[in-house]
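Tertiary structure, described
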Amino acid sequence: IFKDFAEYYVDKATFLRDTEKLTQMIVDGPLKSFCYRRLAFLQNKFQLHVLLNEIRELTEQKGISHRDFYNIRKVDTHIHAASSMNQKHLLRFIKKKMKTEGDAVVLQEKGQPVTMRQVFDRMKITAYDLSVDMLDVHADRNTFHRFDKFNTKYNPVGESTLREIFIKTDNYVGGKYFAEVLKEVLHDLEDSKYQQAEPRLSIYGRSKDEWDKLAKWALTNDVWSPNVRWLIQIPRLYDVYKSKDMIRNFDEFLDNIFAPLFEVTNDPASHPELHRFLQQVSGIDSVDDESKHEFVHFDRSTPEPAEYKLEENPPYNYYLFHMYANLCALNAFRRYRGLPTLALRPHCGEAGHVNHLLTGFLTSESIAHGLLLRKVPVLQYLFYLTQLGIAMSPLSNNSLFISYQRNPLAEYMQKGLNVSLSTDDPLQFHYTKEALMEEFSIAAQVWKLSSCDMCELARNSVLQSGFEDKVKVHWLGPSYKEEGVRGNDIQRTNVPDIRVSFRHETLVDELCQLFKAFHETTKEK
């Protein structure tokens, strides 16, 4: 199969050559100055546009009947399924199960069954005692720059046992409780009608049957909603599995992830449940703490996956390149078979090294976070020119890496980068039932966003999302793929034509300036 689609495969030498070229570009002094000035010009140009046209934009919005910010489509483009409920919701759910299913067997220890009541009796907790403070899942000031402490917040009451019971798809009860609480979240989304989400579910790469187990869990528990498309997140935990002798090398890790996908694409009958589940999966994500020190560097001497048997975790760009290379061939195969493709949409630029963003730019369809772009004007300008999507989560960043008022989202939006608002982890960061609306409302207050600004962010979220073309046509209009005003239907998006026209004309002007400069330089040479 791989040989048949070899033309779609990007080899290591090409990737490293492009990486070196981009690395030279982002440290080039004159180029940094040029990009910084162009970005400053774009920001000032937007501010001038607002001074001249804000009233006209508002008038255009008021002229549209029925449509407003509350009833346009908004997609939460970055949210983790395991923390998609808020803390009060999870607390209420756990209390209900303690009262109604206390005698249900939820674990097996040393061959002996353990009931729900026994689990909580050991902790000396009753349903009456349990509170949000005792649950202790909310991020606080102690998690700032401490991703390790943040990860423990996934354990209700600080107990990994409760995480195993309530927030796992593969456990003794077959992920029953996680499915139930997730269906309640999906039901809330359906009630709101205009809010959609792309929750992340995990595939770890420890064994080949993980995909089948996840698909069976989803289908058995009917975890489906018209408001949701799933993304699969792959934690970068090779070193953990290698130290426990669960895998022999990095090639086995990749094989566990991608072999079932090639098999089900080649013959849907080989994994019937997975085939059905993949109809609702829109992409692949790569997750972990980006700020971890990388002991290995990716260059021409780095071993190929089959030879990579080191105990140390491969670097971020090694992971992302091999995921991208496999997805290129897989997607070509899936297109050939008439099946939906999978986008690469990793966590990128939240912390760590700038080369993460560089790798994300070369390989990804869109990224989550992108905070570090504020320090790299050349890459930021490239993200603008290519309109690569950035799903930003200011409340999440405020608790982990950068205070809210310093978050660059408003600055990115003014310059014209393709940014959207997302929640990341409502369980840890949000208080209300509608986490995405909470995110919008805080951003609007802090940055004084207009109705037009918020509708533009919402439209960007739909464009970045992995929902099918026919769905986007319904939400954005039949011509949404066309450039400029022709692609905007204000009756559906509530984004004024003036704003869309300004964004398009500004981008075209920038590209024309670059092409003009390129041709002049070529003539001189």
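Everything below is about the structure shown above.
Residues numbered from 1 in each chain as written. Predicted model: local features only at pLDDT ≥ 70, side-chain atom pairs only at ≥ 80, totals over all residues. Heavy atoms only, no water.

**Observations concerning the overall build of the chain**
Helix and strand counts for the chain come out as 23 helices and 11 strands. Here the C-alpha atoms of the chain give a radius of gyration of 24 Å, agreeing with the 24 Å that 2.2 N^0.38 yields for 525 residues. Over its C-alpha atoms, taken along the principal directions, the chain stretches across nearly 80 × 55 × 45 Å. Counting only residues that meet the buried cut, the chain has 56% of its 525 residues in that class. Within the chain, contacts between residues separated by at least 24 positions form 72% of all contacts whose residues are at least 6 apart in sequence. Of the roughly 23,800 Å² that the chain leaves accessible, carbon and sulfur atoms contribute 51%. (Helix = DSSP H or I, 4+ residues; strand = E, 2+ residues; numbered from the N terminus. Rg over C-alpha atoms; globule rule 2.2 N^0.38 Å. Buried < 20%, exposed > 50% of the residue type's maximum accessible area, 1.4 Å probe, protein only. Contact = heavy atoms within 4.5 Å. Areas by Shrake-Rupley, 256 points an atom, 1.4 Å probe, with all protein chains shown as cover.)

**Considering the packing of helix 11 (residues 250-266) against helix 13 (residues 316-336)**
Closest axis-to-axis distance for the helix 11/helix 13 pair is 10 Å, and the angle between their directions is 15°. By the criterion of interaxial angle, the relationship of helix 11 to helix 13 is roughly parallel. As for how helix 11 packs across helix 13, the hand of that crossing is right-handed. Listed contacts from helix 13 to Phe 250, Phe 253, Leu 254, Phe 258, Leu 261, Phe 262, Val 264, Thr 265 and Asn 266 of helix 11 are Tyr 318, Tyr 319, His 322, Met 323, Asn 326, Leu 327, Ala 329, Leu 330, Phe 333 and Arg 334. (Axes fitted to C-alpha atoms, helices over the stretch in contact; angles between N-to-C directions. Parallel < 35°, antiparallel > 145°, perpendicular 65-115°, else oblique. Left-handed = near helix turned anticlockwise from the far one by under 90°.)

**Side note on helix 1 (residues 12-27)**
With 16 residues, helix 1 should cover 22 Å at 1.5 Å per step; its first-to-last C-alpha distance of 23 Å lies within 8% of that length. Turning to helix 1, its buried residues are Lys 12, Phe 15, Leu 16, Thr 19, Leu 22 and Ile 26. End-on view of helix 1: buried residues confined to an arc of 130°, all on one side of the axis. When the buried face of helix 1 is taken as reference, the exposed residues oriented beyond 90 degrees from it are Lys 21 and Gln 24. (Expected span 1.5 Å × (residues − 1). Arc of directions from axis to C-beta.)

**Section: the side chain of Asn 418**
Within the fold, Asn 418 resides in the loop between helix 17 (409-415) and strand 11 (419-421). The residues contacting Asn 418, other than those within four sequence positions of it, are Gln 387, Leu 388, Gly 389, Ile 390, Asn 460 and Gln 464.

**Regarding the pattern of salt bridges**
The full count for this structure, using the stated rule, is 29 salt bridges. The shortest N-O distance in the salt bridge between Glu 57 and Arg 499 comes to 3.0 Å. With Glu 57 in helix 2 (residues 29-62) and Arg 499 in helix 23 (residues 497-524), this residue pair connects regions lying 442 residues apart in the sequence. Residue Glu 57 is classed as buried on the basis of its relative accessible area, which comes to 2%. Notably, a salt bridge pairs Arg 492 with Asp 489, separated by 3.0 Å at the nearest N-O pair. Using a relative accessible area of 28% as the deciding quantity, one classes Arg 492 as partly exposed. Sharing partners across several salt bridges, the network here consists of Glu 57, Asp 453, Glu 456, Arg 499 and Arg 503. (Salt bridge = Lys/Arg side-chain N within 4 Å of Asp/Glu carboxyl O.)

**A closer look at the nonpolar core**
Among the nonpolar cores identified, the biggest contains 139 residues, and Phe 166, Trp 230, Phe 277, Leu 379 and Phe 383 are the most heavily contacted of them. If we skip the residues at most four places from it in the chain, Phe 383 touches Leu 357, Phe 361, Ile 367, Leu 373, Leu 388, Ile 390 and Leu 417. If you look at the next biggest cluster of nonpolar residues, it comprises 7 residues, including Val 462, Val 471, Trp 475 and Leu 476. (Core = buried A, V, L, I, M, F, W, Y, C linked by side-chain atoms within 4.5 Å.)

**A word on helix 2**
A rise of 1.5 Å per residue sets the reference length of helix 2, with its 34 residues, at 50 Å; its end C-alpha atoms lie 47 Å apart and thus fit the reference within 8%. The largest bend in helix 2 amounts to roughly 65° and is located at Asn 53. Buried within helix 2 are the following residues: Cys 35, Leu 39, Leu 42, Gln 43, Phe 46, His 49, Val 50, Asn 53, Glu 57 and Gln 61. The N-capping residue of helix 2, defined by a side-chain oxygen 3.0 Å from the backbone nitrogen of Leu 31, is Asp 28. (Bend = angle between axes of the 7 residues up to and from the residue. Polar contact = N/O pair within 3.5 Å; in protein donor to acceptor, adjacent residues only side chain to side chain.)

**Some points on the pairing of strand 1 (residues 74-80)**
Strand 1 sits mainly inside the fold: 7 of its 7 residues count as buried. Sheet topology note: the strand 1/strand 4 (residues 195-202) ladder contains 5 bridges and is parallel. Of the residues in strand 4, the one forming a bridge with Lys 74 is Gln 195. (Pairing = 2+ DSSP bridges.)

**Quick notes on the packing of helix 2 against helix 23**
Any two packed helices are characterised by how steeply their axes cross, that is the angle between the axes, and by the distance between the axes. Axis separation between helix 2 and helix 23 bottoms out at 9 Å; the angle between their running directions is 155°. The angle between helix 2 and helix 23 falls in the class roughly antiparallel. Remark: the crossing between helix 2 and helix 23 carries right-handed chirality. Of the residues in helix 23, those in contact with Phe 34, Arg 38, Phe 41, Leu 42, Lys 45, Phe 46, His 49, Asn 53, Arg 56, Glu 57 and Glu 60 of helix 2 are Asp 497, Ile 498, Arg 499, Phe 502, Arg 503, Thr 506, Asp 509, Glu 510, Gln 513 and Leu 514. Per-class residue counts for the contact of helix 2 with helix 23 are 7 nonpolar, 4 polar and 10 charged. (Nonpolar A, V, L, I, M, F, W, Y, C, P; charged D, E, K, R; others polar.)

**Focus: the sheet that holds strand 10 (residues 389-392)**
Spatially, 8-9-10-11 is the arrangement adopted by the 4 strands of the open sheet, whose pairing is parallel. Lying at the two open borders of the sheet, with one neighbouring strand each, are strand 8 (347-348) and strand 11. Alignment of strand 10 against strand 11, held across 3 bridges, turns out to be parallel. Note that in strand 11 the partner of Ile 390 across the bridge is Val 419.

**Quick look at the environment of His 49**
Along the polypeptide, His 49 turns up in helix 2. Taking the C-alpha atoms as reference points, His 49 and Asp 28, separated by 21 residues in sequence, lie 31 Å from one another. In this structure, His 49 is in contact with Glu 54, Glu 57, Ile 498, Arg 499 and Phe 502, ignoring residues within four places of it in sequence.

**Quick look at the sheet that holds strand 4**
In space, the 5 strands of this open sheet follow the order 1-4-5-6-7, with parallel pairing throughout. Looking along the sheet, the strands with just one partner apiece sit at the ends: strand 1 and strand 7 (343-344). Summarising the sheet, strand 4 and strand 5 (residues 230-235) pair through 3 bridges and their orientation is parallel. Looking at the pairing, Arg 200 lines up with Leu 231 of strand 5.

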